Amino acid sequence: MLKQKLSAAVLRATSENINHLPVLHVNISQFSARLFGRGLASFNRRITTNPIPVQPSTRTMSQDKKGILDWADKSGSFKRQESQFRHSISNEPNARFPAEKGRYHLYVSYACPWAHRALIVRKLKGLEDLITFTSVHWHMGDKGWRFVESNENVPGENATPDPLHDGYTHLRQIYFENNKDYDGRFTVPTLYDKKQKCIVSNESADIIRMLYHSFDHLLPDKYKSIDLLPSDLESKIDSVNSWVYNDINNGVYKSGFATSEDAYVDAVTTLFSSLDRVEKEIGSSAGPYYFGSRLTEADIRLYTTIIRFDPVYVQHFKCNIRDIRSGYPNLHRWVRNLYWNNEAFRATTQFEHIKKHYTKSHRQINPHSITPVGPQPDIFPLDEEVPAVKAAKS
């Protein structure tokens, strides 16, 4: 009886004090389900949020610390949450968020594939002088994405402290600026209105489509004519986006964040089945893009996953049935063409951010935060192949 009473007392003491223990491992759910943007979504869907700046959040650390199972079902399958800011920039009269030069700011991470989409489109459409941006640091801790400190030397354009909010150290502070009781995800990309001091959108699928034509009236003809969602291909692009998002873009996360063997095997099997499908479809295209000679949204959304696949997803997310460089010749040729022959893709791809973010932030997957040396190189030149491929061709 005495032993049972002592055991109960120990359990009560542990339960009461566990939230005061130092946090040693970062919550995986905050890395992906809460902190990365969701892929394919309806562009016209809108969720109203309060744009009025308010006092900082009063949420406690324990309220921010949710377990991985809060983002997975009972089978251990990873579940991604919906984005909550879904407003739109428009060049229509009386628009709440009119398209104006210098009014909007993008918060991004070079590590995040969803934010990478927005950086690519911004550069492809020549919006550099119209929309400013800041990249957060590659490391993500228990408070989410943090800004680079003034004394840090981090690679990548505009990897700096927050230029709009003096003293802000984390992206989450911008979300609490909008709503002190905000309980959603602190995600990148975040599109911010500098005039109204509020978030316009944190949904990458919506943001990139805003950038396609909303600012055309402010652009020279060479950028105005770039159409990444041509009307004659729109239904085909939407169809490809649907299964590519579910099986590949999100599929690597389903594989890496699965908490059961069955969930992992199901996710990784689906992932490689869809990579096989992409390989076949790109191989049958006249090239060099997914839909022949025209660069489209389908290329952009697929690229940000494939460029990360060999450096990170193969080892870190256990997506190791095959790699791109030796197992998918058509995909390998396609991704290298985008990287080496288009500045918008190459200049926005920062491998140091990519490799260090995943391997040093996801402590529950990689508890010692050791970043693998390989693969080398991060991406092969256009005219080189891995030795096994060279031997097979000879």
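Calculation criteria
Within every chain, residues take consecutive numbers counted from 1 along the sequence as written. Per-residue local features of the predicted model are confined to residues with pLDDT of at least 70, and side-chain atom pairs are confined, for both listing and counting, to 80 or more; whole-chain, interface and lining totals are unaffected and use all residues. Only heavy atoms go into the side-chain values, all of them from the structure, while hydrogens and water stay out. The term salt bridge refers to a pairing of a side-chain nitrogen on Lys or Arg with a carboxyl oxygen on Asp or Glu at a separation within 4 Å. Here's how the labels work: a residue is buried when its accessible area is under 20% of the maximum for its type, exposed when over 50%, partly exposed in between, all with a 1.4 Å probe on protein chains only. Aromatic contacts are taken between Phe, Tyr and Trp rings whose centres are within 6.5 Å, Trp giving its six-membered ring; a plane angle under 30 degrees counts as stacked, one over 60 as edge-to-face, and the others as tilted. Helix and strand assignments come from DSSP, with helices taken as H or I runs of at least 4 residues and strands as E runs of at least 2, each series counted from the N terminus. Only when the NZ of Lys or the CZ of Arg is both within 6 Å of the ring centre and within 35 degrees of the ring normal is a charge said to sit over the ring. One requirement defines pairing of two strands: DSSP has to find at least two bridges between them.

Here we take up the pattern of salt bridges. On inspection of all chains with the given rule, the structure shows 20 salt bridges. In this structure, R103 and E100 form a salt bridge, with 3.4 Å as the shortest nitrogen-oxygen distance. E100 sits in the partly exposed class, given a relative accessible area of 26%. Taking the shortest distance from any N to any O, the salt bridge between K393 and E385 comes out at 3.5 Å. Classification of E385 as buried rests on a relative accessible area of 16%.

Let us now look at the packing of aromatic side chains. Enumeration over the complete set of coordinates arrives at 25 aromatic pairs. Geometrically, the ring pair formed by F85 and Y175 is edge-to-face, given 5.5 Å between the ring centres and 80° between the ring planes. Separated by 90 residues along the polypeptide, F85 in the loop between α3 (61-64) and β1 (104-108) and Y175 in helix α5 (residues 172-178) bring together distant segments of the chain. As far as burial versus exposure is concerned, F85 and Y175 are alike and both buried. Considering the side-chain rings of Y107 and Y192, the 6.2 Å spacing of their centres and the 75° angle between planes classify their relative orientation as edge-to-face. You can see Y107 sitting in strand β1 and its partner Y192 sitting in strand β5 (residues 190-193), a full 85 residues away along the chain. Accessibility classification places Y107 together with Y192 in one group, the buried group. Over the face of the ring belonging to W243 we find R277, whose NZ or CZ atom lies 3.8 Å from the ring centre. The side chain of K318 reaches across the aromatic face of Y264, ending 5.8 Å from its centre.

This paragraph deals with the pairing of β5. Neither face of β5 is open: one carries T190 and Y192, the other L191 and D193, and all of them are buried. The pairing of β1 with β5 spans 4 bridges and is antiparallel. Bridge pairing in β5 places Y104 opposite D193. Bridge count for β5 against strand β6 (residues 198-201) is 3 bridges, and the pairing is antiparallel. Looking at the pairing, Y192 lines up with I199 of β6.

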